[in-house]
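# Examining the three-dimensional arrangement
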Amino acid sequence: MADNLEGLKIPEHVAIIMDGNGRWAKKRLMPRNFGHKQGGKVVEQICRDAYDLGIKYLTVYAFSTENWSRPQSEVDTLMDLLREYMSTCMENSQKNNMRVRVIGDKSKLDEDLQQKIAALEEASKDYTGLNFQVALNYGGRDEIAVKKVAENYKNGEFTLDQLNPELFEEYLDTKGIPDPELVIRTSGEKRLSNFLLWQVAYSEFYYPEVLWPDFNKKELIKAIEQFNKRERRFGGV
Ligand code: IPE
Ligand code: IPE
Ligand code: MG
């Protein structure tokens, strides 16, 4: 059945905090990693659905700078799943004309994963379909830490007078990517957990109860419908 999107404004950029994998597995008396596996499959489908609905940028939070504090066995599984995911993503990006970028501190990832990511980013850089960002070892505070800006200032790239929010954004991982209009966090939790701190200054937030492995196109449309009910004022009246 065709989706009824008539009259709906489709956000250009949707960002998703994919939460609830562990609880989804627990409900089924399965280990947490089972939830992560299922969650990975949902990401692939949602990329297609998002593009189908007319979304141009999709960013998903896959692993935070704080997630290293989970038990080693869970971290290892997540990294293995991400490895696997980068390989399927290589095929999918080609098939679906999808550009993939990984945001976050990649230097802390295993060398082989870094290489996979670099290859995927390079191979997909000219694709003109969905712009898909995976936040991996990502933390908003880590991204904003001003070392890079200070270094460039020291090297004479700009003067203090020139430094303003627009210039500052050039030094973020999301350089060139518009801010998300809509942020979805599944599983009912209502917090940001260090996701895109700078970029969400004027985003709309939506917190459905659905756990990430159960998220689907219908849920995405519901989120867009909610977004359409919001009155965005940007400080005006
Ligand atoms: C989100 O699901 C996936 C990652 C953080 C990698 P969780 O693993 O946080 O699932 P819950 O919140 O424990 O249910
Ligand atoms: C946020 O979820 C990180 C990702 C979805 C990758 P968490 O489950 O790690 O966040 P907290 O610990 O509940 O804040
Ligand atoms: Mg969680």
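The sections below set out a description of the structure shown in this document.

Definitions and limits used
- Residues numbered from 1 in each chain as written.
- Chains lettered and ligands numbered in written order.
- Predicted model: local features only at pLDDT ≥ 70, side-chain atom pairs only at ≥ 80, totals over all residues.
- Heavy atoms only, no water.
- Near = heavy atom within 4 Å.
- Polar contact = N/O pair within 3.5 Å; in protein donor to acceptor, adjacent residues only side chain to side chain.
- 1 Å grid on protein atoms, 1.4 Å probe; cavity = no way out; pocket = protein on both sides within 12 Å on 5 of 7 lines; lining within 4 Å.
- Sits in = over half its atoms within 2 Å of the grid points.
- Helix = DSSP H or I, 4+ residues; strand = E, 2+ residues; numbered from the N terminus.
- Nonpolar A, V, L, I, M, F, W, Y, C, P; charged D, E, K, R; others polar.
- Areas by Shrake-Rupley, 256 points an atom, 1.4 Å probe, with all protein chains shown as cover.

What follows is about the site of ligand 1. As a structural note, the neighbourhood of ligand 1 is formed by Met-18, Asp-19, Gly-20, Asn-21, Gly-22, Arg-23, Arg-32, His-36, Ala-62, Asn-67, Arg-70 and Leu-78. Residue Asp-19 places a side-chain N or O atom 2.8 Å away from an oxygen atom belonging to ligand 1. Arg-70 places a polar side-chain atom, nitrogen or oxygen, 2.7 Å from an oxygen atom of ligand 1. Using a 2 Å cut-off from the grid points, one finds that ligand 1 occupies the largest pocket. Among the secondary structure elements, those contributing two or more residues to the shell around ligand 1 are α1 (21-27) and α2 (32-52). Top contributing element to the shell around ligand 1 by residue count: α1, with three residues. Classifying every residue of the shell around ligand 1 gives three nonpolar, five polar and four charged.

The environment of ligand 2 is made up of Ile-17, Met-18, Asp-19, Tyr-61, Ala-62, Phe-63, Asn-67, Arg-70, Arg-185, Arg-191 and Ser-193. Note that an oxygen atom of ligand 2 is positioned 3.2 Å from one of the side-chain N or O atoms of Arg-70. A distance of 2.6 Å is found between an oxygen atom of ligand 2 and a side-chain nitrogen or oxygen belonging to Ser-193. In the complex, 77% of the free accessible area of ligand 2, which totals 390 Å², lies under the protein chains. Under a 2 Å grid-point criterion requiring more than half of the atoms, the pocket assigned to ligand 2 is the largest pocket. Per element, the largest residue contribution to the shell around ligand 2 is three residues, and it comes from strand β2 (residues 57-64). Across the shell around ligand 2, the residue classes break down as five nonpolar, two polar and four charged.

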